[in-house]
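Architecture at a glance
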Amino acid sequence: MIRYITRRLLFAVPTLLAISFVLFALLDLAPSDPTGQLPLTIGPEVRAQIRESLGLDQPFAVRYVKWLEQFFVNEPLNVVEKITGLEIGDSSGRLRVRSWATRSPVVDLIVERLPQTLWVVGLSYVVGILIALPIGVFSAYKQYSWFDQIGAFVSMVGFSVPTFFTGLLAILLFSVTLNWLPSIYDTTHEVTDLGSLWTQLKQLFMPVLVLAFYNAAQLSRFMRSAMLDNLNLDYVRTARAKGVRERAVLLVHVLRNSMIPVVTMIALGVPTIFGGAIITEQIFRVNGLGQLLIVAIQGADIPLVQTLTFIFAVLIVLFNLVADVLYGLLDPRIRYD
Amino acid sequence: MAARGAPAVDGRCVLDVEDVRTRFHTADGVVHAVNGVGFRLHEGELLGVVGESGSGKSVTMLSMLGLLPTPPAEVVSGRARFDGVDIMRLGRDALRQVRGAGVGFVFQDPMTSLNPVLTVGYQIAEPLRAHLGFSKAEAWRRAAELLDLVGIPSPASRLREYPHQFSGGMRQRAMIALALACEPKVLVADEPTTALDVTVQAQILDLVRKLRRELGMAIVWITHDLGVVAGLADRVMVMYGGLVVERADVEALYLRPRHPYTRALLGTLPSVTGSGNGQEARKRLPSISGQPPSLTTAPAACPFAPRCGHAFARCWRENPPLLKVAGGHEAACWFDVEAGAPRRQRENGPA
Ligand SMILES: Nc1ncnc2c1ncn2[C@@H]1O[C@H](COP(=O)(O)OP(=O)(O)OP(=O)(O)O)[C@@H](O)[C@H]1O
Ligand SMILES: [Mg+2]
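Positions within a chain are numbered from 1, following the residues in the order the chain's sequence is written. Each chain takes a letter, starting from A, and each ligand takes a number, starting from 1, following the order in which they are written. Note on the predicted model: pLDDT of at least 70 is required for a residue's local features to be given, and 80 or more for side-chain atom pairs to be given and counted; whole-chain, interface and lining totals, by contrast, use all residues. Excluding hydrogens and water, the side-chain figures rest on all heavy atoms present in the structure.

**What about the overall build of chain A?**
Helix and strand counts for chain A stand at 12 helices and zero strands. Projecting the C-alpha coordinates of chain A onto the three principal axes gives extents of approximately 85 × 60 × 40 Å. In chain A, which comprises 337 residues, the proportion classed as buried is 42%. We call two residues contacting when some pair of their heavy atoms lies within 4.5 Å. Within chain A, counting contacts between residues at least 6 apart in sequence, those at least 24 apart form 71% of the total. Only the protein chains shown count as cover for residues, and the accessible areas themselves come from Shrake-Rupley with a 1.4 Å probe. In the form shown here, chain A has an accessible surface area of approximately 18200 Å², with 68% of it arising from carbon and sulfur atoms. Charge assignment in this entry is limited to Lys and Arg as positive and Asp and Glu as negative, and neither His nor the chain termini are counted. In plain terms, the charge of a residue is placed at NZ if it is Lys, CZ if Arg, CG if Asp and CD if Glu. Of the charged side chains in chain A, 26 are positive and 24 negative; the average position of the first set lies 12 Å away from that of the second. Segments assigned H or I by DSSP are reported as helices when at least four residues long, segments assigned E as strands when at least two residues long, and all are numbered from the N terminus. Type-normalised accessible area, obtained with a 1.4 Å probe on protein chains alone, sets the label of each residue: buried when under 20%, exposed when over 50%, and partly exposed for intermediate values.

What follows is the structure in structure tokens.
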């Protein structure tokens, strides 16, 4: 297993290099100018100086290699230093990937936004799973029952109605009509005592609900079909013929097998948490990573977009590996190496 | 149709099955898979069930234990007295007590009948814990004994393995161990040896003979293999198109078969007189010319008539019930093959 993981990680390096190159090149080719937003009174020489200060006068290859160095060497070193408190080499002189718009290091911006996203999107992912799995199991067990039919309808609604609709609907209902919950997520709110925890839960409720509903809609169907794939197999009949309780038949025999694809699917979905939920974050004014990305794109903040999308690519590659490893752990028939 | 066979073996009747009818509702219409099957099983008796593929052997047994998926299956009627109660009318929990503890089941396909993600030990220990209240450690110990009993070497370490680490023959042995775990009174073995090669088959047959002697259980042995039946069974039931067409003691059936279908089955068979393990006599069911019966309607005429050399007008009009042709011997046929003339039914009367 260790050998398999090492091999996969080694294979990931060229993959990620290729992805980084494509991302970098694509965004570099895009017509954008960091001085485009400046007032017209600023002359071309000044603009050229600004570009030079950003390193834009350098050839493409040089800029790409520098970016790689910053991303793979400098920033990880910064993180290590921050965690251990040690100083490795010349830490203040290290070049960092900087946002064109704010001039602050991109990594700092991301670290600043990460908690909001993890709270809202991460929590909704977990809640979605907790809702979806029991519903999926029960719908499969009672296939074509009214529970299953309603479940099918609700989840069809869930993944065909976009979150900007359900989100607005929730705001209309809970904030405007009932006036129970705030419609805007206050990023600066800090949880210090029970009262502020309550406020936090109240402001989390709607965005988490909307996203969890969306996630659960798909996952519950997936869980259901994974259960159905197994329910009529011979080994289930064997379990029943042994006189095992129906609950154990379902939750030990069938679920163990059905969870294999479901866990894989859940693991593969984890990177989307870090991508933030652009639309939901917009609607509820959650200052998360999705928001950061969309603002960066609108402002043509190329380094920020490059870094964010590349982090996303790294996570996808990583969680693909995680999914494969989990698959191997859950299914004894699969042996890596 | 579901006339009872006279007891051939002395001993108490442990399982008395009557009039099982099961159909499947499929996209292409209704399949009348089992159309009134009954049999009796006495203590320590081995009943061989033979019939070509699709004749309803498995479905009969699965219906009896409520193991068919409904839908598509619908068990229309049937009674199965086991231990004084009709197990086809039992509630969920009472039925669960019978399954595994009272009636053990060995399934047709050892490759798919074990759960791939649970260890063999867990799967054998499961009925012990469910029925006999064994602790985990006790059940595990007993599971090792059972694996030993069915002839799997180094059972203790084998218990921790998964089914895919077992060969086909070993999986079938594990299935048998699992079915025997609670020492059921009745064991239903659905073609337990067809998926195996000949030497493994012989080993399993020896194993069954030994277990039967030692544990004294009654066995229903479903098979395609007439040689196996000859060497193993006390009584034989021949099925065709979801019906019982002949039921007799094993010698009577092989020496004087009364149903044209049985005769056709035995016709191409070399000498089968009870050889030890049936090695030379082993023979698959020979194919009989003609199509197997269509099961889209309930049988109104004799289902074998289209393929039968003796069929006459009555066979096309009326489906023959099981008629008593000799002591403990019944056949569902309007024609008396020994006399070479239509049977005068009124004289014999339904059995
Ligand atoms: N789940 C099902 N859906 C529809 N039809 C079925 C189903 N299971 C069995 N049947 C039909 O019931 C009939 C009897 O099947 P059964 O499995 O009892 O045959 P069998 O005698 O055991 O044959 P084999 O020797 O091949 O195992 C067949 O015609 C089969 O097509
Ligand atoms: Mg069968």
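**A word on the pairing of strand E7 (residues 186–190) of chain B**
Residue and element names in this part refer to chain B. Among the five residues that make up E7, five are buried, leaving the element largely enclosed by the rest of the structure. Neither face of E7 is left uncovered, since the one carrying Val186, Val188 and Asp190 and the one carrying Leu187 and Ala189 both have all their residues buried. Strand pairing is assigned whenever DSSP detects at least two bridges linking the two strands. Both strand E6 (residues 103–106) and E7 contribute to a ladder of four bridges, which runs parallel. Looking at the pairing, Val103 lines up with Val186 of E7. Sheet topology note: the E7/strand E8 (residues 218–223) ladder contains five bridges and is parallel. Residue pairing for E8: Asp190 is matched across the bridge by Ile222.

**Side note on the interface of chain B and chain A**
Each partner contributes to the interface: chain B provides 28 residues, whereas chain A provides 22 residues. A quick way to say it: buried area is the sum, across both parts, of accessible area lost when two parts are put together, with a 1.4 Å probe. Taken together, the two surfaces of chain B and chain A that pack against each other cover about 2100 Å², and 59% of this comes from carbon and sulfur. Of all residues in chain B, Arg96, Val117 and Glu126 of chain B bury the most surface against chain A, accounting for 25% of the area lost on that side. By definition here, a salt bridge exists when the distance from a side-chain nitrogen of Lys or Arg to a carboxyl oxygen of Asp or Glu is within 4 Å. Seen at the junction of chain B and chain A, the total is one salt bridge. In this structure, the salt-bridge partner of Glu126 of chain B is Lys242 of chain A, at a minimum N-O distance of 2.8 Å. Identification of polar contacts relies on pairs of N or O atoms within 3.5 Å, with a donor-acceptor requirement for protein atoms, meaning one able to donate a hydrogen and the other able to accept it, and with residues adjacent in sequence counted only if both atoms are side-chain atoms. Between the two partners, chain B and chain A, sit 12 residue pairs in polar contact (both at pLDDT 80 or more). Of all the secondary-structure elements, those providing two or more residues to the side of chain B that touches chain A are helix H2 (92–98), E6, helix H3 (120–132) and helix H6 (168–180) of chain B. With six residues, the single largest contributor to the side of chain B that touches chain A is H3 of chain B. In the scheme used here, Gly and all other residues not listed as nonpolar or charged are polar, with Ala, Val, Leu, Ile, Met, Phe, Trp, Tyr, Cys and Pro taken as nonpolar and Asp, Glu, Lys and Arg as charged. Looking at the side of chain B that touches chain A, its residues break down into 16 nonpolar, seven polar and five charged.

**Brief notes about the site of ligand 1**
Residue and element names in this part refer to chain B. The criterion for a residue being near a molecule or strand is simple. One of its heavy atoms has to lie within 4 Å of it. Surrounding ligand 1, one finds 15 residues, the nearest of these being Ser53, Ser58, Gln108, Glu191 and His224. Interatomic distance of 2.4 Å between a side-chain N/O atom of Ser53 and an oxygen atom of ligand 1. Gly56 places a main-chain nitrogen or oxygen 3.1 Å from an oxygen atom of ligand 1. For ligand 1, whose free accessible area comes to 630 Å², the fraction covered by protein is 70%. Going through the elements one at a time, strand E1 (13–26) and helix H1 (57–64) are the ones with two or more residues in the shell around ligand 1.

**With respect to the nonpolar core**
Nonpolar side chains tend toward joint burial in soluble globular proteins. Residue and element names in this part refer to chain B. Remark: nonpolar core denotes a set of buried residues (Ala, Val, Leu, Ile, Met, Phe, Trp, Tyr, Cys) joined through side-chain atoms within 4.5 Å. By size, the foremost hydrophobic cluster in this structure holds 102 residues, and its most contacted members are Leu15, Phe39, Met64, Phe105, Val186 and Trp221. Here this core gets eight residues from one element, more than from any other, and that element is H6. Apart from residues lying up to four places away in sequence, Leu15 is in contact with Phe39, Arg40, Leu41, Met64, Arg81, Phe82 and Val186.

**Here we look at the coordination of the magnesium ion (ligand 2)**
Residues and elements named next belong to chain B. Around the magnesium ion (ligand 2), the protein supplies Ser58 (OG) and Gln108 (OE1) as donor atoms, at distances of 1.9 to 2.6 Å. Taken together, the residues span a long stretch of sequence, with Ser58 in helix H1 and Gln108 in the loop between E6 and H3 at a distance of 50 residues. A residue is classified by how much of its surface remains accessible, and Gln108, at 32% relative accessible area, is partly exposed. For Na, K and Ca the donor cutoff is 3.2 Å, while for all other metals N, O and S atoms must lie within 2.8 Å; water is not among the atoms, so some sites may look incomplete.

**Observations concerning unusual backbone geometry**
Following Thr70 of chain B, the chain continues into Pro71 of chain B via a peptide bond in cis, with omega recorded as -15°. Mapped onto the elements of the fold, Pro71 of chain B is located in the loop between H1 and strand E4 (73–82). The step from Pro71 of chain B to Pro72 of chain B runs through a cis peptide bond, and the omega angle for that step is 10°. You can see Pro72 of chain B is positioned in the loop between H1 and E4. Of note, Arg285 of chain A is a non-glycine position whose phi angle comes to about 55°, a positive value. Relative to the elements of secondary structure, Arg285 of chain A occurs in the loop between helix H10 (278–283) and helix H11 (289–298). For Arg285 of chain A, a relative accessible area of 49% gives the class partly exposed. Despite not being glycine, Glu191 of chain B shows a phi value in the positive range, around 40°. Residue placement: Glu191 of chain B occurs in the loop between E7 and helix H7 (198–215).

**Examining the side chain of Asp86 of chain B**
Residues and elements named next belong to chain B. Considering the arrangement of structural elements, one finds Asp86 in strand E5 (residues 85–86). For Asp86, a relative accessible area of 16% translates into the label buried. At 2.9 Å, the side chain of Asp86 and the backbone nitrogen of Ala80 are in polar contact.

**Details of the pairing of strand E9 (residues 235–240) of chain B**
Residue and element names in this part refer to chain B. With six of six residues buried, E9 is to be regarded as a mostly interior element. Note that strand E3 (residues 46–50) and E9 share four bridges and pair parallel. Bridge pairing in E9 places Val50 opposite Val238. Pairing geometry for E9 and strand E10 (residues 243–249), over six bridges, is antiparallel. Within the sheet, the bridge partner assigned to Met237 lies in E10 and is Arg247. Here E9 folds back onto E10 in antiparallel fashion, the turn holding two residues, of which Gly241 has a positive phi close to 55°.

**Observations regarding the packing of helix H9 (residues 246–274) of chain A against helix H12 (residues 302–330) of chain A**
Residues and elements named next belong to chain A. The contact between H9 and H12 brings their axes to 8 Å, and the two run at 165°. Considering their axes alone, H9 and H12 lie roughly antiparallel with respect to each other. The two elements H9 and H12 cross, and the hand of that crossing is right-handed. Listed contacts from H12 to Met259, Ile260, Val263, Thr264, Ala267, Leu268, Val270, Pro271, Thr272 and Phe274 of H9 are Phe312, Leu315, Ile316, Phe319, Asn320, Val322, Ala323, Leu326, Tyr327 and Leu330. Classifying every residue of the contact of H9 with H12 gives 17 nonpolar, three polar and no charged. For every element, the axis is a line fit to its C-alpha atoms; helices are fit only across the contacting stretch, and the angle between N-to-C directions ranges from 0 to 180 degrees. These descriptions rest on fixed angle ranges, namely under 35 degrees for roughly parallel, over 145 for roughly antiparallel, 65 to 115 for roughly perpendicular, and the rest for oblique. Take the far helix as your reference; a near helix turned counterclockwise from it by less than a right angle gives a left-handed crossing, and one turned clockwise gives a right-handed crossing.

Purely geometric numbers; function is a separate question.
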